[in-house]
Amino acid sequence: MTAVSTRPAAPAPAPTPDAASQARRPADPFAGIGAALRLVVRRNRVRLVTWLYVVVGLFAYVAVYYRSIFDTQQSLDDFARVSDTPAIKALTGLEAAPNTMGGAVWTKIWMTCALCLMLGVAFLVTRSGRADEELGRTELLRAHMLGIHAYSTAAWLVNAALCLACGVGVAVASILLELDPDGAGVTGSLVLGASIAGVGAVALGVAAVANQVATTSRGANMIGAAVIGAFYVLRMLGDLGDGRLTWVSPIGWGQEMQPWGANRWWVLALLLGLTVVLHLVALRLEVRRDLGAGLVADRPGPARAPERWTRPLGLSLRLQRGPIIGWSVAVLLSAVLFGSVVDAMTDLLDDASSTMTDVIGGTGVDDLVALLVEIIALVVSVFAVQTALALRTDEAAGMAELQLAGAVPRARWALDRLVIPAVGSAALLVVSGALLGWSYGASTGSAGQVGSLALAALAYWPAVMVVVGVAVVLFGWAPRVAVAATWAVVGAMWVVVVVGPALRLPDWLLDALPFAATPAQPAEPFSWTPVVVLAAVAAVLVWLGVDRFRRRDVVTA
């Protein structure tokens, strides 16, 4: 007789949380990409439309303005002569046919549009990539419905569509505004649009890799911006030299497509090929690294932090040393290059037609120098705004809450950190103005330009601080939109300077704008009234923002 055990069978071991998560995770690495596409578009729709409007609108506006002022072939020939200088070629590149309407517009605005699109795409990719990993959003999405590559690929596809839309928009604007020479068809306009889309696609690939390498969104943005800056410098050195380094830079590839010149379609294959390679590398890295980690791991810090890092100002200097150094080098190099532009253009402006005075906004070399000083001040304002907005980025990341949990008052925390944009912008203005004067004076034998242009640049410090004040007010009163709204203000300032004459704004409105209200020396006599008023406005804006931050809740998302 066989005995039958009545003991109940042992229950099967419950799956561990990791095993359960693996069981729910889609096997397809691209699963749920449709939902991810809708999410990326939904979260970035305003930014996508804004960047499209900036790139295409800026190009179209310049094209309309240039068609109104270059009404003869002689004026186009004068513009081509002024543009064919080493400094101009270094800053903007030189079109293959600069004495045509399309070539003139290209020389004026192509580099600006290309760099705007590249930086915009890089920042948007980081927002949907590394930034969402930091916040934990990517982990939640991957936990159930999304494959490992779905969310990142969706962000890349959306931004690739932005690049394509910008390229198509620029090409259509060029065709409608009849920038192509008579009898040449629309090939030049199509090559122009393809060059814009191509360089934007490369920036998309660079950002995709940067998001896998860095461990923070700030680090990813720094890597992307640094690589794009390196591309620009390589292109600049190539244009100043024998042209070999131009072909090392993807920005140089876009330039060498030469719309209205050689019309090199095959160069687009280089841009798209590099883009595909970068994305394949990014996909490979995404599989190999842990979620939330980067290819380059964070280095362990010292066991004990220096005393200065325990203070808001010292810690902020440590965290922002990269942007401070990078922007300082960029501003100072720009000042030296701008100084060489003045001497190179002096004789050309004297011989050129009156149309050229409309392009620079004046009738002589002093107007050109004043414009260059204003552009330097605008570049410094970008540095000041970026360092001021660290208030909001650190608050959103939770770093501010940790510091404020101690004995640091809120007002002191904010004001200590604002020392960086305040003192740093003043120092950069003085030094860059002095370098501009030195570079200009060295070529003309006028040593007195150093001091006068240093003071001319410093006169823009209140205007820079007004923009910083706007950032602080938005940080205090509307923290969730502070970053986007502040950069919109900075972009508007740039548009007024770059295409100001085309806007034909009324004098009363220009006088109310910080940079336009500042005396443009040496073209205009100095006046204390606007400088003092702007300084007072900046102080009030900073006080309003800090006071509101002192009384509101900390917003970490």
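These numbers come from a predicted model, not from an experiment.

**Brief notes about the overall build of the protein chain**
The secondary structure content of the protein chain amounts to 26 helices and zero strands. For the protein chain, the accessible area works out to roughly 25,500 Å², and carbon and sulfur atoms hold 65% of it.

**A short note on the nonpolar core**
One finds Phe59, Tyr66, Trp110, Ile196, Trp413 and Phe515 to be the most contacted residues of the largest nonpolar core, which totals 136 residues. Here this core gets 17 residues from one element, more than from any other, and that element is helix α16 (residues 365-388). If we ignore the near neighbours within four places in the chain, the residues touching phenylalanine 59 are Val105, Ile109, Cys113, Val170, Ala173, Ser174, Leu179 and Leu192.

**Describing a nonpolar patch on the surface**
On the surface, Val233, Leu237, Leu240, Leu245 and Val248 cluster together into a nonpolar patch covering about 380 Å² of accessible area. If you trace the backbone, valine 248 turns up in the loop between α10 (217-240) and α11 (250-255). Relative accessible area serves as the criterion here: at 46%, valine 248 is assigned to the partly exposed category.

**Some details on the packing of helix α5 (residues 101-128) against α10**
Two packed helices can be described by the angle between their axes and the distance between those axes. α10 packs onto α5 with a crossing angle of 160 degrees between their chain directions and a minimal axis gap of 9 Å. Taken together, the axes of α5 and α10 lie roughly antiparallel to each other. Judged by the sense of rotation from one axis to the other, the crossing of α5 with α10 is right-handed. Note on element contacts: α10 touches α5 through Ser217, Ala220, Asn221, Ala225, Ile228, Phe231, Tyr232 and Arg235, opposite Met111, Leu115, Met118, Leu119, Ala122, Phe123 and Thr126. A breakdown of the residues in the contact of α5 with α10 according to their chemical character gives eleven nonpolar, three polar and one charged.

**Topic: the pattern of salt bridges**
Here the structure, examined in full by the defined rule, presents 16 salt bridges. Between glutamate 133 and arginine 130 there is a salt bridge; the shortest N-O distance is 3.5 Å. Separated by three residues within a single helix, glutamate 133 and arginine 130 lie in helix α6 (residues 130-135), roughly one turn from each other. The class of glutamate 133 is buried, set by a relative accessible area of 13%. When the shortest N-O distance is used, the salt bridge between aspartate 394 and arginine 417 registers 2.4 Å. Here the residue aspartate 394 occupies a position in helix α17 (residues 390-396), and arginine 417 occupies one in helix α19 (residues 410-444), the gap between them amounting to 23 residues. Here aspartate 394 falls in the buried class, since its relative accessible area comes to 1%. You can call arginine 417 buried: its relative accessible area is 2%.

**Observations concerning the packing of α5 against helix α8 (residues 150-176)**
The N-to-C vectors of α5 and α8 enclose an angle of 160 degrees; their axes lie 9 Å apart at closest approach. Viewed along their axes, α5 and α8 adopt a mutual orientation that is roughly antiparallel. Where α5 crosses over α8, the two elements pack in a sense that is right-handed. Across from Leu117, Val121, Leu124, Val125 and Ser128 in α5, the residues of α8 making contact are Tyr151, Ala155, Trp156, Asn159, Leu162, Cys163 and Cys166. In the contact of α5 with α8, the residues fall into ten nonpolar, two polar and no charged.

**A few points about the environment of valine 276**
When you line up the elements, valine 276 lands in helix α12 (residues 266-288). On a C-alpha basis, the gap between valine 276 and alanine 201 in space is 9.2 Å, while along the polypeptide they are 75 residues apart.

**Focus on the packing of aromatic side chains**
Evaluation of the coordinates by the stated rule reveals ten aromatic pairs. With a centroid separation of 5.0 Å and 85 degrees between ring planes, the pair formed by phenylalanine 526 and tryptophan 528 is classed as edge-to-face. An aromatic cluster of three or more residues is present, and its members are Tyr65, Tyr66, Phe70 and Phe79. The ring of tyrosine 232 is capped by arginine 235, whose NZ or CZ atom sits 4.9 Å from the centre of that ring. Cation over ring: arginine 552 sits above phenylalanine 475, and NZ or CZ is 5.1 Å from the ring centre.

**A look at helix α20 (residues 449-458)**
Within the sequence span of α20, burial applies to Gln449, Leu453, Ala454, Ala456 and Ala457. Looking straight down α20, one finds its buried side chains confined to an arc of 160 degrees; they lie on one side.

**Comments concerning unusual backbone geometry**
The linkage connecting glutamine 521 with the following residue, proline 522, adopts the cis geometry, with an omega of 5 degrees. Despite not being glycine, glutamine 258 has its phi angle at roughly 50 degrees, a positive value. We classify glutamine 258 as buried; its relative accessible area is 18%. The backbone phi angle of asparagine 263 is positive, close to 50 degrees, even though this residue is not glycine. For asparagine 263, the position within the fold is in the loop between α11 and α12.

**Comments concerning the environment of tryptophan 265**
Within the element layout of this structure, tryptophan 265 appears in the loop between α11 and α12. According to the relative accessible area criterion, tryptophan 265 is partly exposed, its value standing at 40%. Taking the C-alpha atoms as reference points, tryptophan 265 and alanine 194, separated by 71 residues in sequence, lie 8.4 Å from one another. Those residues in contact with tryptophan 265 that lie beyond four places of it in its chain are Thr187, Leu190, Val191 and Ala194.

**A closer look at α16**
With 24 residues, α16 should cover 34 Å at 1.5 Å per step; its first-to-last C-alpha distance of 35 Å lies within 8% of that length. Of all the 24 residues making up α16, 20 are buried; the element is thus mostly covered by neighbouring parts of the structure.

**Comments concerning the environment of leucine 378**
Mapping leucine 378 onto the fold places it in helix α16. A residue is classified by how much of its surface remains accessible, and leucine 378, at 0% relative accessible area, is buried. Spatially, the C-alpha atom of leucine 378 lies 8.9 Å from that of tyrosine 460, the residues being 82 residues apart in sequence. Excluding residues that lie within four positions of it along the chain, leucine 378 makes contacts with Met493, Trp494, Val497 and Phe515.

**Concerning the confidence of the model for the protein chain**
Summary statistics for the protein chain give a mean pLDDT of 85 and a share of 88% for residues scoring 70 or more. Low pLDDT, under 50, characterises residues 1-6; the stretch is placed with zero contacts to residues that sit more than four places away or in other chains. Within the model, pLDDT remains below 50 along residues 17-23, and this stretch shows zero contacts once partners closer than five positions in the same chain are excluded.

Cut-off values and rules
Residues numbered from 1 in each chain as written. Predicted model: local features only at pLDDT ≥ 70, side-chain atom pairs only at ≥ 80, totals over all residues. Heavy atoms only, no water. Helix = DSSP H or I, 4+ residues; strand = E, 2+ residues; numbered from the N terminus. Areas by Shrake-Rupley, 256 points an atom, 1.4 Å probe, with all protein chains shown as cover. Core = buried A, V, L, I, M, F, W, Y, C linked by side-chain atoms within 4.5 Å. Buried < 20%, exposed > 50% of the residue type's maximum accessible area, 1.4 Å probe, protein only. Contact = heavy atoms within 4.5 Å. Patch = residues over 30% accessible without salt bridge, like charges linked within 9 Å, V, L, I, M, F, W, Y side chains within 5 Å. Salt bridge = Lys/Arg side-chain N within 4 Å of Asp/Glu carboxyl O. Axes fitted to C-alpha atoms, helices over the stretch in contact; angles between N-to-C directions. Parallel < 35°, antiparallel > 145°, perpendicular 65-115°, else oblique. Left-handed = near helix turned anticlockwise from the far one by under 90°. Nonpolar A, V, L, I, M, F, W, Y, C, P; charged D, E, K, R; others polar. Phe/Tyr/Trp six-rings, centres within 6.5 Å; stacked < 30°, edge-to-face > 60°. Lys NZ or Arg CZ within 6 Å of the ring centre and 35° of its normal. Arc of directions from axis to C-beta. Expected span 1.5 Å × (residues − 1). pLDDT = per-residue confidence, 0-100.

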